[in-house]
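# Architecture at a glance
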Amino acid sequence: MNGAGDALWLRRYLPHIGVVMFTARDSESFALRLWNEHPSGLGYLVKHRTHESRLVADAIRRVHTGLNAIDDVIRTAMLEVPSGDEPNALTPTELITLRLMADGYQTPEIARRLRLAMPTVNARIQTIFRKLGIDDEGGNNKRVAAVVHYVRNLEKYRRIREIPPIAWPPPPA
């Protein structure tokens, strides 16, 4: 087997054993499969957002006690699956970025909190603008227009709003 197959086997046949998985893929589908096998004692971390050994140690401690340590972007994606009937539906990662924008965070802070590179966050923000149909006409600030959209559609984004503040991975000191 490979690492993913081993993790799935452990979750299925030895659910009392915690599993901490490090992945290069920023995808929620496999994390969801592991979660469905047994919804506690799961660590699912994206390698490029886990640079500090204290984060890894914290994840291992959490999983050892039966808690979870799931990358925040993956966790959000697991909770909020976009409906397939909306061609311009925001993805879970776009929704969390929009929520952080609505909370008043600027791009560098969003990048730091999500442990993403600034160009990645900038590209994600541009995609949000495109999907929401926000352009520069009329001299409107795009960020303000996106936040106004978010506030006006809070019920639509209700589930993303209920996700607790970002706690994993914790921001660097």
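Below you will find a few notes about this structure. Quick caveat, the model's predicted, so the values are computed rather than measured. (Residues numbered from 1 in each chain as written. Predicted model: local features only at pLDDT ≥ 70, side-chain atom pairs only at ≥ 80, totals over all residues. Heavy atoms only, no water.)

A tally of helices and strands in the protein chain yields nine helices and three strands. Going residue by residue from the N terminus, the α and β elements of the protein chain occur as α-β-α-β-α-β-α-α-α-α-α-α. Counting the 173 residues in the protein chain, one finds 39% classified as buried. For the protein chain, contacts bridging at least 24 residues in sequence account for 60% of all contacts bridging at least 6. Working note: accessible area of the protein chain is about 9,300 Å², and carbon and sulfur atoms make up 54% of it. (Helix = DSSP H or I, 4+ residues; strand = E, 2+ residues; numbered from the N terminus. Buried < 20%, exposed > 50% of the residue type's maximum accessible area, 1.4 Å probe, protein only. Contact = heavy atoms within 4.5 Å. Areas by Shrake-Rupley, 256 points an atom, 1.4 Å probe, with all protein chains shown as cover.)

Considered for burial, the residues of helix α1 (residues 3-13) that qualify are Ala 7, Leu 8 and Arg 11. Down the axis of α1, the buried side of the element spans an arc of 95°, and every buried residue falls inside it. (Arc of directions from axis to C-beta.)

Inspection of the secondary structure assignment puts Arg 11 in helix α1. Beyond its immediate chain neighbours, meaning those up to four positions away, Arg 11 contacts Ile 17, Val 19, Leu 34, Glu 37, His 38, Pro 39, Ser 40, Gly 41 and Leu 42.

A few words on the nonpolar core. Residues Leu 98, Met 101, Ile 110, Leu 114, Val 121, Phe 129 and Ala 146 are the most contacted members of the largest nonpolar core, which totals 18 residues. The set of elements that each furnish at least two residues to this core consists of α5 (92-102), α6 (107-114), α7 (118-132) and α8 (142-152). The biggest single contributor to this core is α5, with five residues. Not counting residues up to four positions away in its chain, the partners in contact with Met 101 are Ile 110, Ile 125, Phe 129, Arg 143, Ala 146 and Val 147. Within the second largest apolar cluster, 12 residues are counted, among which are Ala 7, Leu 8, Leu 42 and Ile 70. (Core = buried A, V, L, I, M, F, W, Y, C linked by side-chain atoms within 4.5 Å.)

On to the packing of aromatic side chains. By the definition in use, this model includes one aromatic pair. Where Trp 9 meets Tyr 13, the ring centres are 5.5 Å apart and the plane angle is 45°; that geometry is what we call tilted. Within this pair, Trp 9 and its partner Tyr 13 are both found in helix α1, separated by four residues, close to a single helical turn. By relative accessible area, Trp 9 is classed as partly exposed at 39%. (Phe/Tyr/Trp six-rings, centres within 6.5 Å; stacked < 30°, edge-to-face > 60°.)

Attention shifts here to the packing of α5 against α8. Between two packed helices, the angle of one axis relative to the other and the distance separating the axes together describe the packing. It is at 9 Å that the axes of α5 and α8 come closest, and there the two elements cross at 105°. Taken as axis vectors, α5 and α8 run roughly perpendicular relative to one another. Each of Leu 98, Arg 99, Met 101 and Ala 102 in α5 lies in contact with α8, whose residues at this interface are Arg 143, Ala 146, Val 147, His 149 and Tyr 150. Grouping the constituent residues of the contact of α5 with α8 by class yields six nonpolar, one polar and two charged. (Axes fitted to C-alpha atoms, helices over the stretch in contact; angles between N-to-C directions. Parallel < 35°, antiparallel > 145°, perpendicular 65-115°, else oblique. Nonpolar A, V, L, I, M, F, W, Y, C, P; charged D, E, K, R; others polar.)

Quick look at the pattern of salt bridges now. Using the criterion set out here, one finds three salt bridges in the structure. Here Glu 94 and Lys 131 are joined by a salt bridge, their closest N and O atoms 2.9 Å apart. In this pair, Glu 94 sits in helix α5 while Lys 131 sits in helix α7, placing the two residues 37 residues apart along the sequence. By relative accessible area, Glu 94 is classed as buried at 8%. With a relative accessible area of 17%, Lys 131 lands in the buried category. Between Glu 109 and Arg 112 there is a salt bridge whose closest N-O contact spans 2.8 Å. Note that Glu 109 and Arg 112 are positioned in helix α6 at a spacing of three residues, about one turn of the helix. The exposure class assigned to Arg 112 is partly exposed, which follows from its relative accessible area of 31%. (Salt bridge = Lys/Arg side-chain N within 4 Å of Asp/Glu carboxyl O.)

Geometry only, nothing functional implied.
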